[in-house]
Amino acid sequence: QVQLVQSGGGSVQSGGSLTLSCTTSGFSCLGWFRQTAGKEREGVASIDFLSNTEYVDSVKGRFTISQDSAKTTLYLEMNSLKPEETAMYYCAARGQCLSLSPADYGDWGQGTQVTVSS
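Residues numbered from 1 in each chain as written. Predicted model: local features only at pLDDT ≥ 70, side-chain atom pairs only at ≥ 80, totals over all residues. Heavy atoms only, no water.

A. Fine view of a nonpolar patch on the surface. Taken together, the side chains of F27, F49 and L50 present a nonpolar region at the surface, about 320 Å² in accessible area. Here F27 lies in the loop between β3 (18–25) and β4 (30–35). Judged by its relative accessible area of 32%, F27 is partly exposed. (Patch = residues over 30% accessible without salt bridge, like charges linked within 9 Å, V, L, I, M, F, W, Y side chains within 5 Å. Areas by Shrake-Rupley, 256 points an atom, 1.4 Å probe, with all protein chains shown as cover. Salt bridge = Lys/Arg side-chain N within 4 Å of Asp/Glu carboxyl O. Helix = DSSP H or I, 4+ residues; strand = E, 2+ residues; numbered from the N terminus. Buried < 20%, exposed > 50% of the residue type's maximum accessible area, 1.4 Å probe, protein only.)

B. Spotlight on the environment of S80. Mapped onto the elements of the fold, S80 is located in the loop between β8 (73–78) and β9 (87–95). Taking the C-alpha atoms as reference points, S80 and G15, 65 residues apart in sequence, are found 4.0 Å from one another. What S80 contacts, discounting residues up to four positions off in sequence, is G15, G16, S17, R62 and E85. (Contact = heavy atoms within 4.5 Å.)

C. Main features of the pairing of β9. With respect to burial, β9 is a largely interior element, 7 of its 9 residues being buried. Bridge count between β4 and β9: 5 bridges; the pairing is antiparallel. Note on β9: the bridge partner recorded for W32 is C91. In terms of strand pairing, β9 meets strand β10 (residues 105–108) through 3 bridges, oriented antiparallel. Bridge pairing in β10 links A93 to D107. (Pairing = 2+ DSSP bridges.)

D. The nonpolar core, seen in detail. Formed by 25 residues in total, the largest nonpolar core has its most connected members in W32, L76, M78 and Y89. The element contributing the most residues to this core is β9, with 4 residues. Excluding residues that lie within four positions of it along the chain, M78 makes contacts with G16, S17, L18, L20, R62, F63, Y89 and V114. (Core = buried A, V, L, I, M, F, W, Y, C linked by side-chain atoms within 4.5 Å.)

E. Representation of the sheet that holds strand β7 (residues 63–67) in the model. An order of β1-β3-β8-β7 is seen for the 4 strands of this open sheet, with the pairing classed as antiparallel. What marks the edges here is a single partner per strand, and that holds for β1 (3–7) and β7. Pairs of neighbouring strands in the sheet enclose a mean axial angle of 15°, with direction left out of account. (Axes fitted to C-alpha atoms, helices over the stretch in contact; angles between N-to-C directions.)

F. Summary view of the state of the cysteines. Summed over the entire model, instances satisfying the criterion amount to 2 disulfides. With a sulfur-sulfur separation of 2.0 Å, C22 is cross-linked through a disulfide to C91. An S-S torsion of about 60° defines the bridge between C22 and C91 as right-handed. Of this pair, C22 sits in strand β3 while C91 sits in strand β9, and the two are 69 residues apart along the sequence. (Disulfide = S-S within 2.5 Å.)

In structure tokens:
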């Protein structure tokens, strides 16, 4: 069983920054996703076991996905946040490496709310 526990969510003003964390037990390819009510879950970033990364176009240059050296903690650094990026953010594991498709992942964190105010 892969266990993912998230932290680091909260509220920030437009243009601010937040870093999300996801602790894992068991490991495979990982990703970050976000979802708002009534909308499809969107892939944000992914990382494979060699630290190759992929990002959705809308966050390129502003968000960074990374892991600690032990590969037990996943991070998402979010800079220059926009109000439209208010969402519940989820980490996911046991995915198809570098995929941004939610259906390709088998384990999910509990979700962390990120609110960006204008």
